[in-house]
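# Coordinate analysis (summary)
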Amino acid sequence: MTGIDHPVRAAYLAHAGQEAVLAEELGRLGVAVSGWHGLLALSPDPPADARWALDRWLDPEIAPIASIGEAASLLRGRQRNWSHLPLLHHRRSALIADRLPPVKAAPLHFPAAAPTAPLGAWTLLSPDRLLFSTRKSSPFPNGECRLVENRTGPPSRAYLKLWETLALLAEWPRPGERCLELGASPGGWTWALASLGASVTAVDRSPLASAVAAMPGVEMRQGNAFTLRPEDVEPLDWLFSDVIAYPDRLLDMARTWIDSGRVRRLICTVKFQRPTAHEVSERFASIPGGTLRHGSHNGHELMFVWCRPGDSVPHG
Ligand SMILES: C[S@@+](CC[C@H](N)C(=O)[O-])C[C@H]1O[C@@H](n2cnc3c(N)ncnc32)[C@H](O)[C@@H]1O
């Protein structure tokens, strides 16, 4: 798409493969989409809280540019850090990007919080039209959380979506904190939590990988995660769930634990089938203290994060 003859007041970046679910959600939110520019949905409406967007551009502007130098100086004049969304006109875009200050490109070494420096985003709509936004929802370039992976410890790569979620929360279990993890096998999340020094009770119908089960602080309970009641365990600092279950069943489970008052933090993967049960995500999002987001390590799923109101203890 090249010609845009209306204001753009927000833009939503879809995760590749999740364009349709984002479009559906924007429709439910009453957000008009005037067109797609690659994975970026442009809207004439003010920014809305679209949970399936990997990144949201919150104050977009369109500027005519006569030259590469003009585009670069316009962006540099607004702020230091810019992430480039390369969609079209690659050579011209690369020449503009070369004239901007480099954005720290090193992957995040967890445990570490997501960056907090202001970061904008830009792309070329056509060779002579720049779309840019000084503010966006994700602290990562194009919403992509790059992490230094551990290729020997964890038995699955599922830990990456947990690390991404904890980095964005800027909190993670501390040594000795009590965690219960539902749907833990083969043990990627358990490995990540035990590596932080937390005490983890892992529940699954299937066993943990033996090396994870043997980590200090790990206790395995083989069985059904849905029959475990909050009163069956000591009060928890953290409840984690990566159980594969229907979203409404997970919602009931999350509410049971939250209402029990016996848990301070809850992090849960909400896995969706097709068609996507948007009404369930809306019910999750309406829980006070809760947020719901799609991250760059998620498939057709959202991460629900809940903190007991007034109980936030940021890492020093
Ligand atoms: C996506 S896997 C979890 C992966 C894990 N987070 C990791 O990092 O390795 C989902 C797990 O949920 C478990 N599960 C599904 N339904 C369950 C139930 N009712 N009770 C206990 N575990 C269940 C499955 O056995 C499976 O191991």
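The shown structure was predicted, so the numbers you read here are calculated from the model rather than taken from an experiment.

Cut-offs used in this document
- Residues numbered from 1 in each chain as written.
- Predicted model: local features only at pLDDT ≥ 70, side-chain atom pairs only at ≥ 80, totals over all residues.
- Heavy atoms only, no water.
- UniProt positions renumbered as here; feature names shortened; annotations may be inferred.
- Helix = DSSP H or I, 4+ residues; strand = E, 2+ residues; numbered from the N terminus.
- 1 Å grid on protein atoms, 1.4 Å probe; cavity = no way out; pocket = protein on both sides within 12 Å on 5 of 7 lines; lining within 4 Å.
- Points joined across faces, edges and corners; volume = space filled by probe spheres on them.
- Nonpolar A, V, L, I, M, F, W, Y, C, P; charged D, E, K, R; others polar.
- Near = heavy atom within 4 Å.
- Polar contact = N/O pair within 3.5 Å; in protein donor to acceptor, adjacent residues only side chain to side chain.
- Areas by Shrake-Rupley, 256 points an atom, 1.4 Å probe, with all protein chains shown as cover.

### Some thoughts on the UniProt feature "domain: Ribosomal RNA methyltransferase FtsJ" (unreviewed entry) in the protein
- UniProt feature "domain: Ribosomal RNA methyltransferase FtsJ" (unreviewed entry): in the numbering of this structure it lies at residues 156–244.
- As annotated, residues 156–244 has a helix share of 26% and a strand share of 25%, and its two end C-alpha atoms lie 15 Å apart.

### Quick look at the layout of surface pockets
- By volume, the largest pocket is sized at about 670 Å³.
- The element best represented in the lining of the largest pocket is strand S6 (residues 82–84), accounting for 3 residues.
- Here the residues of the lining of the largest pocket are counted per class, giving 19 nonpolar, 5 polar and 3 charged.
- Looking at the second largest pocket, its volume works out to about 420 Å³.
- Contributing elements (two or more residues each) for the lining of the second largest pocket: strand S4 (53–57), helix H4 (159–169), strand S14 (290–293) and strand S15 (301–307).
- No other element matches the 4 residues that H4 contributes to the lining of the second largest pocket.
- Class assignment of the residues belonging to the lining of the second largest pocket gives a composition of 9 nonpolar, 8 polar and 3 charged.

### As for the site of the ligand
- The environment of the ligand is formed by 20 residues, the closest being Ser156, Trp189, Asp204, Ala225 and Asp242.
- Measuring from an oxygen atom of the ligand, one finds a backbone N or O atom of Gly188 at 2.9 Å.
- Contact with the protein chains hides 85% of the accessible area of the ligand, taken as 590 Å² for the molecule alone.
- Classifying every residue of the shell around the ligand by side-chain character gives 8 nonpolar, 8 polar and 4 charged.

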